[in-house]
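Examining the three-dimensional arrangement
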Amino acid sequence: MATETIKTSESGSARKLFGGGNLRQFGILFSLIAIILLFQYLTNGLTLSSGNLINLVSQYSYILILAIGMVIVIIAGHIDLSVGSVAAFVGIVVATSMKDWNLPWPLAILFGLFVGMLIGAWQGWWVAFVGVPAFIVTLAGMLIFRGGNQLIGNANTVPVPPGFTTIGSGYLPEVGPYTGYNNLTLLLGLIIVIAVIWREIRARRVQRIMGSTPSTLWVSVVKVVLLDAVVIYATFLFAGGRTGTSFPVSGIILGVLVLVYSFITRNTIFGRHVYAVGGNKLAAEMSGVKSRRINFLVMMNMSILAALAGMIFVARSVASGPQDGLSWELDAIAAVFIGGAAVSGGIGTVTGSIIGGLVMAVLNNGLQLLGVGSDRVQIIKGLVLLIAVGVDVWNKKQGRPSILGFMTRNRKTTPAPDEPPMVVPDSGTPDTARPPASMPS
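Quick caveat, the model's predicted, so the values are computed rather than measured.

Cut-offs and rules
Residues numbered from 1 in each chain as written. Predicted model: local features only at pLDDT ≥ 70, side-chain atom pairs only at ≥ 80, totals over all residues. Heavy atoms only, no water. Core = buried A, V, L, I, M, F, W, Y, C linked by side-chain atoms within 4.5 Å. Buried < 20%, exposed > 50% of the residue type's maximum accessible area, 1.4 Å probe, protein only. Helix = DSSP H or I, 4+ residues; strand = E, 2+ residues; numbered from the N terminus. Contact = heavy atoms within 4.5 Å. Expected span 1.5 Å × (residues − 1). Arc of directions from axis to C-beta. Salt bridge = Lys/Arg side-chain N within 4 Å of Asp/Glu carboxyl O. pLDDT = per-residue confidence, 0-100. Patch = residues over 30% accessible without salt bridge, like charges linked within 9 Å, V, L, I, M, F, W, Y side chains within 5 Å. Areas by Shrake-Rupley, 256 points an atom, 1.4 Å probe, with all protein chains shown as cover. Polar contact = N/O pair within 3.5 Å; in protein donor to acceptor, adjacent residues only side chain to side chain.

1. A short note on the nonpolar core
Leu66, Ile68, Met70, Val90 and Phe164 are the most contacted members of the largest nonpolar core, which totals 70 residues. Ranked by the residues each element gives to this core, the list is headed by helix α13 (residues 291-317), at 14 residues. Leave out the neighbours within four places in its chain, and Val90 touches Gly112, Val115, Gly116, Ile119, Ala307 and Met311. Within the second largest apolar cluster, 25 residues are counted, among which are Val57, Tyr60, Phe238 and Ile338.

2. Concerning helix α6 (residues 134-153)
Across its 20 residues, α6 extends 27 Å between first and last C-alpha, which sits within 8% of the 28 Å expected from 1.5 Å per residue. Here α6 has its buried residues at Ala134, Val137, Thr138, Gly141, Phe145, Arg146, Gly148, Asn149 and Gly153. Buried residues along α6 cover an arc of 160° about the axis, so they all sit on one side. Opposite the buried face of α6, at more than 90 degrees from it, the exposed residues are Leu143 and Leu151. Buried-residue contacts for α6 involve α4 (83-100), α5 (105-130), α13 and β2 (319-320). Note on α6: the residue one or two positions beyond its end, Asn154, has a positive phi of about 55°.

3. Remarks on the pattern of salt bridges
One pass over the structure, following the stated rule, counts three salt bridges. Note that Asp100 and Lys99 form a salt bridge whose closest N and O atoms lie 3.6 Å from each other. Residue Asp331 is joined to Lys381 by a salt bridge in which the shortest nitrogen-to-oxygen separation is 3.6 Å. One end of the pair, Asp331, is in helix α14 (residues 328-338); the other, Lys381, is in helix α16 (residues 374-397), and 50 residues separate them in sequence. Residue classification places Asp331 among the partly exposed positions, given a relative accessible area of 26%.

4. As for unusual backbone geometry
Of note in this structure, Asn44 is not a glycine but carries a positive phi near 55°. Its place among the elements puts Asn44 in the loop between α2 (27-42) and α3 (50-75). Taking the relative accessible area as the measure of exposure, Asn44 reaches 74% and is therefore exposed. Residues other than glycine seldom take positive phi values, yet Asn102 does so here, at roughly 55°. If you trace the backbone, Asn102 turns up in the loop between α4 and α5.

5. Brief notes about the confidence of the model for the chain
Residues shown with low pLDDT carry predicted positions that ought not to be read at fine detail. Per-residue pLDDT for the chain averages 84, and the proportion of residues at 70 or more is 83%. Segment residues 1-15: pLDDT under 50, and seven contacts once partners within four positions in sequence are set aside and those in other chains are kept. This stretch, residues 401-441, has a pLDDT under 50; its non-local contacts, to residues over four places away or in other chains, come to 87 contacts.

6. Quick notes on a nonpolar patch on the surface
A contiguous nonpolar patch, built from Leu38, Tyr41, Leu42 and Leu370 and spanning about 420 Å² of accessible area, is present on the exposed surface. Locating Tyr41 in the fold gives a position in helix α2. Judged by relative accessible area, Tyr41 falls into the exposed class, the value being 65%.

7. With respect to the environment of Val137
Looking at where Val137 falls in the secondary structure, it is placed in helix α6. Each C-alpha atom, one on Val137 and one on Trp126, is 6.9 Å from the other, the two residues being 11 residues apart in sequence. Not counting chain neighbours up to four residues away, the residues in contact with Val137 comprise Gln123, Trp126, Val127 and Val132.

8. Observations regarding the environment of Thr179
With respect to the element layout, Thr179 can be found in the loop between α7 (166-169) and α8 (183-209). Classification of Thr179 as partly exposed rests on a relative accessible area of 40%. The spatial distance from the C-alpha of Thr179 to the C-alpha of Gly240 is 9.9 Å, given a sequence separation of 61 residues. A distance of 2.8 Å separates polar atoms of two side chains, one belonging to Thr179 and the other to Asn183.

Set out below in structure tokens:
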């Protein structure tokens, strides 16, 4: 009996190494690793070379930024088809403001975010207060702002000044003594390594305070060692690129946004209400959630992030053009659904969307390294999206754990950090608006 108990405990500890669930829940993460290793082999080591990794982050950061906003939109039960056109429109407006109005580039960035906020407020008003479905509103927005881009730019490219290009094509600068690596990138990697260790220690402390049993020590040690090993390896790859390159500034912006929005969706009332509205709007409203305000803010936030993504792309391209933003919304939506979001809303995570976006980015990058034509790349990406979501739906129908929804599945153990939070009404909600503690017999 004691032997069986020990085996059960060890099995549970092994599962906790991967987040408390079974391994099928990590299908997308393992798929990402498998795709990386496959292309590393097929490209004779080019995939994980310093130059390619730096280019990968710089080239796809704007799509991943769009995915952060899109997952919140989809969790709330909507979809935004206008993000590519909004990004292109803001890009041409900002480029024109610097070229014709002599606006300094830092102010131009703030101006671009303000324009994105106005666009989001416009679309959010139609969705939240008029009641027009987001699909229709953003489809109209896609046409309006695509036309606006071509109208303002006269279907021509508009160059941007060198200072502005830093947010899209800049890198961490060289500082300190010569080490053969970029010192700031090494410092960034060291900070992340320490953060991983601190987070695990803090998680174990919180589990003890909450009265739950933390995983055995060896599980935490192995988890930290594996994560830090990946971080250290990636740090030296990014820091060891050719002279003048290092970790991209756009990657820093992306990382900050991931941290901020992960915290917002997991640990704030607004984040809980977004899940509530997407999961069951009527029940959320009965619990005191102001669904109109949530929908308005969600749509406005998406347009602000689209504006930022557009400016980063223009900065990387050194000019704004009429073809900017084409099909960006499709790439962002694909990243979100591959990362585990549900079409019906209420399910999804920022981290999952980033992983889904990286799957598409690595797949696209690897196929380009192999010289596959753009026509076949599109076909393969479409099939990957269809198969990934199809397998997820099939597993749900069979009563099996969702492969794509591994980060949002309820567990009997302590909830993982990326698990969607429970629906909790505002602290100011009157007692009459709260659901009864028990139903009358």
